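Residue-level structural notes
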Amino acid sequence: MKDLLNFIKASPTAFHAAYNAECELEKNGFIKLSENSKWDLKKGGKYYFTRNSSSVMAFVIPQEFDSLSYNITAAHLDSPTFKLKPNFTIDTGKYIKLNTEVYGGPILNTWMDRPLNIAGRVIVKDNGLKTKLISFDKAMAIIPNCSIHYYHELNKGVALNPQIDLAPIFCDNSIGKVDLNDLIAKRLNVKKDDIVSSDLYLALLDRGTLAGANDEFLLAPQIDNLECSYAALKALLNSQNSKSVNVLALFDNEETGSRTRQGAQSMMLADMLERISFALGKNVEEHKMALANSFIVSADNAQGFHPNYPQKYDVTNSVYLNNGIVIKTAARGSYTTDAVSLAYFKTVCDAANAKVQLNANRSDVPGGSTLGAISLSNVSIHSVDIGLPQVAMHSAYETAGALDYAEMVKALSKFYEMHLEINKDGELSF
């Protein structure tokens, strides 16, 4: 759990999460590939590449294999937040505010009255264009609530306008007018005129803690979905497979629909698998055969039972914090789980001695979706949707069970150690 908290602490944006994952891979002997260069892959090799500095793909090739197959775990590194607009300074005379827009689907009021960091990436001129990560690691702004004395209806529920009510206050001009770009230049040790563009976000300064009478709850920002992402990374590093290629796919932009070149709806995963197959000497038909013998675990957190809102949950299919991994199902196809993939992954969990629970929403509550079904639109592989239970999903500060993370690492490690085969009748064996 300490390593997960450290990962969350160091990852205020998807760019930082991708960089931290890259560092872990490098420390464990993975070789970085470039998408615009030929891939020379060797048996027993460990490789990875990044796209947009915000998504990471990694894979391990077994020492020996006859037929090819892929064990794939997919998760996402982004979380709901607020992004600074290109011209982000609003000078009101007395105060400077930051002009932001909503990224994803945050619970808006949870961002009020919290110390807010500013983090992301900056593109600078340096013999071309270079990307630099930035995080001020201090309270740079705040979104204050209106006093209840001036807004007596506040506790009855207020519809917040993102343009008006949620503009962060950055500077008091009477103390000293400050240009954020000056601070960025100083932080990065570059000239202000060399700053070309940026992707900057608000992030909670408080990066997480354990809570509860027995430290049984994990409280942190971005639990959805850094928890699953880091568990999948640790499982890949912990595991070996003598027959299947183990793959980790950490996407960006799931919270905004995955419709980017680094999102699950892109061809990134499909292209990578094809390049691996061809680099290992397989032809088109053999690549299609490999996909037919492969499996994707789409890992994205699930809605745990909230005791204050029992009416929101299904009477027989609710899931609970600290009760293990959630296998998610939905008749409308928002999750990829079917009876076959559920049976296989439940077998994996049993082999790992990992606790598992089954989830379905109330029939009158559609619930969310995730990257599993989106990625399958480009690569047709058996798939299951799973996650870890949490409450306050998409809050600025979320809550999960502190015991569940270890269950996920155990299960995904076992998944990476297994080799799936599918017979002519479509039945799975391993």
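Turning our attention to the overall build of the chain. Counting its secondary structure elements, the chain contains 9 helices and 22 strands. Taking 22 Å as the expected radius of gyration for a compact globule of 430 residues, we find that the chain reaches 23 Å, a close match to that expectation. Principal-axis analysis of the C-alpha atoms gives the chain an extent of 75 × 60 × 35 Å. Residues classed as buried in the chain amount to 52% of the 430 residues present. Within the chain, contacts between residues at least 6 apart in sequence are counted, and of these 75% link residues at least 24 apart. Accessible surface, the chain: about 19,400 Å² in total, of which carbon and sulfur atoms supply 49%. Charge separation in the chain, taken as the distance between the mean sites of 42 positive and 47 negative side-chain charges, equals 5 Å.

Judged by pairing direction, the sheet is mixed, and its 5 strands sit side by side in the order β11-β12-β20-β19-β15 without closing on themselves. Every other strand in the sheet has two partners, leaving β11 (209-211) and β15 (302-303) as the edge strands with one partner each. Here β11 runs beside strand β12 (residues 217-220); their pairing, made up of 3 bridges, is antiparallel. Directly across from Thr209, in β12, lies its bridge partner Leu219. Where helix α4 (residues 223-238) meets the sheet, it contacts β12, β19 (389-391) and β20 (398-401), and its direction lies at approximately 35° from that of β20.

For Asp66, the location among the structural elements is in the loop between β3 (55-60) and β4 (70-76). Look at Asp66 and you get exposed, because its relative accessible area is 72%. Considering only alpha carbons, one finds Asp66 and Ser229, 163 residues apart in sequence, at a separation of 30 Å.

With that settled, consider the environment of Ala411. Among the secondary structure elements, Ala411 is positioned in helix α9 (residues 404-417). Between the C-alpha atoms of Ala411 and Val356, which are 55 residues apart in sequence, the distance is 9.4 Å. Sequence-distant contacts of Ala411, that is, excluding residues within four places in its chain, are made with Ile325, Phe345, Val348, Cys349, Ala352 and Ala354.

Okay, the sheet that holds strand β17 (residues 356-359) next. Taken in spatial order, the 9 strands make up an open sheet running β1-β2-β3-β13-β4-β14-β18-β16-β17, and their pairing is mixed. The open sheet has two edge strands, β1 (31-32) and β17, and neither has a second partner. As paired strands, β1 and strand β2 (residues 46-51) are joined by 2 bridges and run parallel to one another. Residue pairing for β2: Lys32 is matched across the bridge by Tyr48. Sitting on the sheet, α9 touches β4, β13 (245-251), β14 (295-299), β16 (325-328) and β18 (382-387), and the angle it makes with β4 is about 150°.

Turning our eyes to something else, we now look at the pairing of β13. Of all 7 residues in β13, 7 are buried; the element is thus mostly enclosed. Burial of the side chains of β13 extends over both faces: Val245, Val247, Ala249 and Phe251 are buried on one face and Asn246, Leu248 and Leu250 on the other. Relative to β13, β3 runs antiparallel, the two being bridged by 5 bridges. Counterpart to Met57 in the pairing with β13 is Ala249. Two elements, β4 and β13, share 7 bridges in a ladder whose sense is parallel. Pairing of Thr73 across the sheet is with Leu248, part of β13.

By the bridge criterion, 6 bridges tie β2 to β3 in an arrangement that is antiparallel. Bridge pairing in β3 places Tyr47 opposite Phe59. Between β2 and β3, which pair antiparallel one after the other, the connecting turn spans 3 residues, and Asn52 there sits at a positive phi close to 65°.

A few words now on helix α3 (residues 180-188). When α3 is considered as a whole, its buried residues turn out to be Leu180, Ile184, Ala185 and Leu188. Mapping the buried residues of α3 onto a view down its axis gives an arc of 140°, with all of them on the same face. Tucked into the core, α3 has its buried residues touching β5 (81-91), β6 (95-103), β7 (116-125), β8 (129-135), β9 (169-172) and β10 (195-204). Of the residues flanking the start of α3, the one acting as N-cap is Asp179, its side-chain oxygen 2.9 Å from the backbone nitrogen of Asn181. Phi turns positive, to about 60°, at Asn189, one or two residues after α3.

Let's shift gears to the packing of aromatic side chains. Scanning the entire structure with this criterion turns up 13 aromatic pairs. Taken together, a centroid distance of 5.8 Å and an interplanar angle of 85° make the contact between Tyr103 and Tyr201 edge-to-face. Of this pair, Tyr103 sits in strand β6 while Tyr201 sits in strand β10, and the two are 98 residues apart along the sequence. The residues Tyr103 and Tyr201 share a single accessibility class, namely buried. One residue, Lys43, lies across the ring of Phe65, its end atom 5.1 Å from the ring centre. Over the aromatic face of Tyr95 sits the side chain of Lys94, whose NZ or CZ is 5.7 Å from the ring centroid.

Calculation notes
- Residues numbered from 1 in each chain as written.
- Predicted model: local features only at pLDDT ≥ 70, side-chain atom pairs only at ≥ 80, totals over all residues.
- Heavy atoms only, no water.
- Helix = DSSP H or I, 4+ residues; strand = E, 2+ residues; numbered from the N terminus.
- Rg over C-alpha atoms; globule rule 2.2 N^0.38 Å.
- Buried < 20%, exposed > 50% of the residue type's maximum accessible area, 1.4 Å probe, protein only.
- Contact = heavy atoms within 4.5 Å.
- Areas by Shrake-Rupley, 256 points an atom, 1.4 Å probe, with all protein chains shown as cover.
- Lys, Arg positive; Asp, Glu negative; His and termini not counted.
- Charge placed at Lys NZ, Arg CZ, Asp CG, Glu CD.
- Pairing = 2+ DSSP bridges.
- Axes fitted to C-alpha atoms, helices over the stretch in contact; angles between N-to-C directions.
- Arc of directions from axis to C-beta.
- Polar contact = N/O pair within 3.5 Å; in protein donor to acceptor, adjacent residues only side chain to side chain.
- Phe/Tyr/Trp six-rings, centres within 6.5 Å; stacked < 30°, edge-to-face > 60°.
- Lys NZ or Arg CZ within 6 Å of the ring centre and 35° of its normal.

By themselves, these figures tell us nothing about what the structure is for.
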